[in-house]
Structure formats: C-alpha cells, structure tokens
Amino acid sequence: MSKEALNELKEKLKGCKGCPLCSTRTNLVFSDGNPEANIMLIGEAPGADEDRLGVPFVGRAGKLLDEFFKKAGIDRQKDIYICNTLKCRPPNNRKPEPDEKKACAPYLKFQIDTIKPKIIILCGATALESFIKGHTITKARGKIFKGSKGTVFIPIFHPSYLLRNHSLEEGSPRDLMLKDLKMIKQLSAQDVILHNSEA
Ligand code: URA
C-alpha cells in the first residue's frame, strides 16, 4: 500500500511544474532504498549524476556515503530509504532556494508520513535547517532530536564535506560520521528511541 502511494506520487511528480527547476531537470530524483525501512535519510538536492540517472546519492558523494553505510553495517537497499529536500537538481549544484524547498516540502512530508521511519537522518546543513532551527551541523550531528509520533531526527555530516576532509583520526569528520552511522544502525533495532536534544 505504502509502496503504491509512493509510486503514484513519483509518477505524478515527473510532470511537476511547481518551481522553476522543472525547466532545467533531466530526471526527477524521487528516492532509493526500501520504503519499509526503519531509517530514512534526507539529503540536500540531486547533483549532476543524480539528475542524469534519476537516483539520489549516486555521484562521488553518494559513493562515499555507500562506503560509510557498508562500514556501519547499513544495507542501502534493505535498511534505509533515501531522498532529498528537493527532487530536482538546482543548476550548478547551488543551494536550494527557500521557494524551491517550500514547493517540494509537501512531497517530502508525504514520503515521511507514508514511510513512518523510526529515525530520520538529516544529512548536511540544508536538511538540518529544514527540520530543526537554530543549530549548526557541527554542533547538532550525532544528537537525537525529538520528532513527532515517536520519530527521532539525527543530523549527520554531508558526504561532500567528507570528500574535502580525509583524516581518519579520532574526532575527525570521517571518524564522527562512522560513529554516528553505527549508533543509528544500533538504535534502529530498538523499540523506543529516547531523544537527548531539544529542537
Ligand atoms: N547530494 C545530495 O544532497 N543529494 C544527492 O542526491 C546527491 C548529492
């Protein structure tokens, strides 16, 4: 049922003209992974590779994210549902405009409400700002914020930030990313997840 509703929305959005990005997109980038998963990851917006293939996180940043998933024991096709704040690529990979986020927000909300994940990973500053106000990604990452209906939000670094930070030392961005994803994998198996931070 949930899969059908999501597929219907995806088909409908292929003709979406809700914001100017419809005139520059090649493909709508709706989601990847498992709509029955406990974990949902929300990124920023599709890049060039995602726009070409119609799948989120398949470019350089996506490949690095996949490596972290593997190390944390997260199966991309089984354990997680992946999408973005925007379903169409902003030209030259610029940050999403507020109007574009506003136009796409009801569709992201529909995905969340249909999937009902236990954990929503906010991947990077843009996803963080869309749900939690007044926090920087550096301070918020790894914390557990209370959402509605038992869902929690957990911000993590965006993989494109890690592409510019190669250190694996204790406390480095890559070290923290792996720790965050391992914690998320562990939490996803729990019945109740307690928050430790206020939005
Ligand atoms: N960056 C994102 O935020 N999302 C993608 O799908 C790809 C790169």
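Refer to the structure printed above.
Residues numbered from 1 in each chain as written. Predicted model: local features only at pLDDT ≥ 70, side-chain atom pairs only at ≥ 80, totals over all residues. Heavy atoms only, no water.

Let's talk about the site of the ligand
In the neighbourhood of the ligand, the contacting residues comprise Gly43, Glu44, Ala45, Glu50, Pro56, Phe57, Asn84 and His158. The backbone of Ala45 places a nitrogen or oxygen atom 3.1 Å from a nitrogen atom of the ligand. When isolated, the ligand has an accessible area of 240 Å², and the protein chains bury 92% of it. Of the residues belonging to the shell around the ligand, the class tally is three nonpolar, three polar and two charged. (Near = heavy atom within 4 Å. Polar contact = N/O pair within 3.5 Å; in protein donor to acceptor, adjacent residues only side chain to side chain. Areas by Shrake-Rupley, 256 points an atom, 1.4 Å probe, with all protein chains shown as cover. Nonpolar A, V, L, I, M, F, W, Y, C, P; charged D, E, K, R; others polar.)

Comments concerning the environment of His158
Here His158 lies in the loop between β6 (152–156) and α7 (159–163). For His158, a relative accessible area of 18% puts it in the buried group. Not counting chain neighbours up to four residues away, the residues in contact with His158 comprise Glu44, Phe57, Ala61, Cys123 and Gly124. Reaching out from His158, the side chain makes a polar contact with the side chain of Ser160 at a distance of 2.7 Å. (Helix = DSSP H or I, 4+ residues; strand = E, 2+ residues; numbered from the N terminus. Buried < 20%, exposed > 50% of the residue type's maximum accessible area, 1.4 Å probe, protein only. Contact = heavy atoms within 4.5 Å.)

Regarding the side chain of Thr114
With respect to the secondary-structure elements, Thr114 resides in helix α4 (residues 98–115). Reaching out from Thr114, the side chain makes a polar contact with the backbone oxygen of Phe110 at a distance of 2.6 Å. The contacts of Thr114, once residues within four sequence positions are left out, are Ser2 and Leu6.

Some thoughts on the packing of aromatic side chains
Considering all chains together, one arrives at two aromatic pairs under this definition. Geometrically, the ring pair formed by Phe131 and Phe153 is tilted, given 5.1 Å between the ring centres and 35° between the ring planes. In this pair, Phe131 sits in helix α5 (residues 125–131) while Phe153 sits in strand β6, placing the two residues 22 residues apart along the sequence. Looking at Phe131, the relative accessible area reads 27%, which means it is partly exposed. Look at Phe153 and you get buried, because its relative accessible area is 12%. Residues Phe157 and Tyr161 carry aromatic rings whose centres are separated by 5.0 Å and whose planes lie at 50° to one another, so their mutual orientation is tilted. Tyr161 sits in the partly exposed class, given a relative accessible area of 31%. (Phe/Tyr/Trp six-rings, centres within 6.5 Å; stacked < 30°, edge-to-face > 60°.)

Side note on the sheet that holds strand β5 (residues 145–146)
One open sheet holds the six strands; their spatial order is β1-β3-β2-β4-β6-β5, and the pairing between them is mixed. Two strands close off the open sheet at either side, each with one partner strand: β1 (32–33) and β5. Seen against the sheet, helix α8 (residues 173–188) touches β2 (39–43), β4 (119–123) and β6 and runs at an angle of roughly 160° to β6. (Pairing = 2+ DSSP bridges. Axes fitted to C-alpha atoms, helices over the stretch in contact; angles between N-to-C directions.)

Quick word on the environment of Phe157
Along the polypeptide, Phe157 turns up in the loop between β6 and α7. Leaving out residues up to four positions away in the same chain, Phe157 has contacts with Cys123, Gly124, Ile137, Thr138, Arg141, Leu162, Pro173, Leu176 and Met177.

Overview of α8
The end-to-end C-alpha distance of α8, which contains 16 residues, comes to 22 Å, matching closely the 22 Å that a straight helix rising 1.5 Å per residue would cover. Buried within α8 are the following residues: Pro173, Arg174, Asp175, Leu176, Met177, Leu178, Asp180, Leu181, Ile184, Leu187 and Ser188. Check the buried side of α8 and you find it contacts β2, α3 (60–72), β4, β6 and α7. (Expected span 1.5 Å × (residues − 1).)

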